[in-house]
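Letter by letter, the chains look like this.
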Amino acid sequence: MKIVVSNLVKSIDRHCILDGVDMDIQPSAVNVIIGPNGAGKTTLLRIIGLLDKPGKGQLFLNERRVESYSSKELTTLRRKIGFVFQHPLILEGSVYRNMAYGLRVRKLTIDKEKIEAMLIRVGLNGKGDMEAKKLSGGEKQRLQLARIMLLDTELFLMDEPTANLDPISTRTIEMLVQEIVREGKTVVLSTHNLVQARILGHKFFFMKQGRVIQEGPAQEIFNRPVSLDIAEFSSAENIIYGKIVTENNSRSLNTDKLRICIATSHEDGPAAAVIRPEDILLSNEPIVSSARNSFKGRIILIMDMGIFLSVSIRCEDQIFISFITRESANMMDIKPGQPVYITFKSTAVHIIKK
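What you are looking at is a predicted structure, and each value in this text was computed from that prediction instead of being measured. (Residues numbered from 1 in each chain as written. Predicted model: local features only at pLDDT ≥ 70, side-chain atom pairs only at ≥ 80, totals over all residues. Heavy atoms only, no water.)

1. Quick notes on the nonpolar core
Then, in step 1: Judged by nonpolar contacts, the single largest core of 42 residues is most densely connected at Leu145, Met158 and Val187.
Then, in step 2: Top contributing element to this core by residue count: helix H5 (residues 137-150), with six residues.
Then, in step 3: Apart from the residues within four sequence positions on either side, Val187 is in contact with Ala29, Val30, Asn31, Phe156, Met158, Val177, Ile180 and Val181.
Then, in step 4: Of all hydrophobic cores here, the second largest spans 29 residues; its members include Val21, Leu45, Leu74 and Phe205. (Core = buried A, V, L, I, M, F, W, Y, C linked by side-chain atoms within 4.5 Å. Buried < 20%, exposed > 50% of the residue type's maximum accessible area, 1.4 Å probe, protein only. Helix = DSSP H or I, 4+ residues; strand = E, 2+ residues; numbered from the N terminus. Contact = heavy atoms within 4.5 Å.)

2. Observations regarding the pattern of salt bridges
Then, in step 1: Summed over the entire model, instances satisfying the criterion amount to 17 salt bridges.
Then, in step 2: Note that Arg211 and Asp19 form a salt bridge whose closest N and O atoms lie 3.6 Å from each other. Here Asp19 lies in strand E2 (residues 15-25) and Arg211 lies in strand E10 (residues 211-216), a separation of 192 residues in the sequence.
Then, in step 3: A relative accessible area of 40% places Arg211 in the partly exposed class.
Then, in step 4: With a closest N to O distance of 3.3 Å, Arg64 and Glu73 form a salt bridge.
Then, in step 5: With relative accessibility at 30%, the residue Arg64 sits in the partly exposed group.
Then, in step 6: Residues joined by salt bridges that share partners form a network here, namely Arg121, Glu179 and Glu183. (Salt bridge = Lys/Arg side-chain N within 4 Å of Asp/Glu carboxyl O.)

3. Looking at the environment of His87
Then, in step 1: As for its placement among the helices and strands, His87 is situated in the loop between strand E6 (81-84) and helix H3 (95-105).
Then, in step 2: Distance from His87 to Lys140, taken between C-alpha atoms, is 8.9 Å for residues 53 residues apart in sequence.

4. Describing the environment of Leu194
Then, in step 1: Mapped onto the fold, Leu194 is located in helix H7 (residues 194-200).
Then, in step 2: In this structure, the C-alpha to C-alpha distance between Leu194 and Phe204, residues 10 residues apart in sequence, is 11 Å.
Then, in step 3: Not counting chain neighbours up to four residues away, the residues in contact with Leu194 comprise Ile34, Phe222, Phe233 and Ser234.

Written as structure tokens, this is what we have:
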């Protein structure tokens, strides 16, 4: 489903919730909306899902303004949209009755075999006769999603679908989201789980105070954030605060004790730098290269991240985090307290002006 949001504004009790939101949703993909609480994510999803109306602005679905649809056409359109709420909406009665409800309302054939197949698909096999409200939280969320999938909707709107769920339910829902997109469906997902976002997302939107601050692929959002809000929200491993200084045609970000060479067009003054851990090389001896930043430090922490190690190094008044492979760690024989050198290029330093 093609979705475009143009200058969307929404206020509740004179409080601005959405403040000129522009958004072009990527079809047949997972579109992830991230941002702090109160950013307007849920309100935006409800408007896209035709549950609420905007105060101003336009919503285009399949290249038509929503206002141009007749009442009958809107009903047909709504039936192509499924909403997975953070707190599952579960009906009275059995799991089977919950699954059949949407089919009954739409006057579609209630195929027991298809219902049972869908329950198997979401990991609720054998629970068709169980009272739905007695399911666990994770099972209720899977039931809510299964109920929508059974209706073969084109658009899935998901508001924090795995918040506070058990690991099995979380992983099941993540796998189902990937399957849904492979079937050509469109997903718009709001989440605070950044690991989940990176795993599932194709296009990202960062919202703050009712506005979209930045949009793009994961690499752009997380590695080259346009504001400190995004860097801090995404828990960027290396955020260095200082001042941009120009001396002898050379530019640097200066902290109290370090001078970090940078390549930027920003003016001198307070700023912050974001450096990817992957761009910081770790060595026992200084590295001779074109990289303009090389500092001696001491390892203060080593964390096992599975396929790689996260190494924290204190250099003067700053702590840097570098990701290295197990093979490299073994060759260097690294351990806490060990003196090491870190090296990174000036072009690897992403500057955000404060």
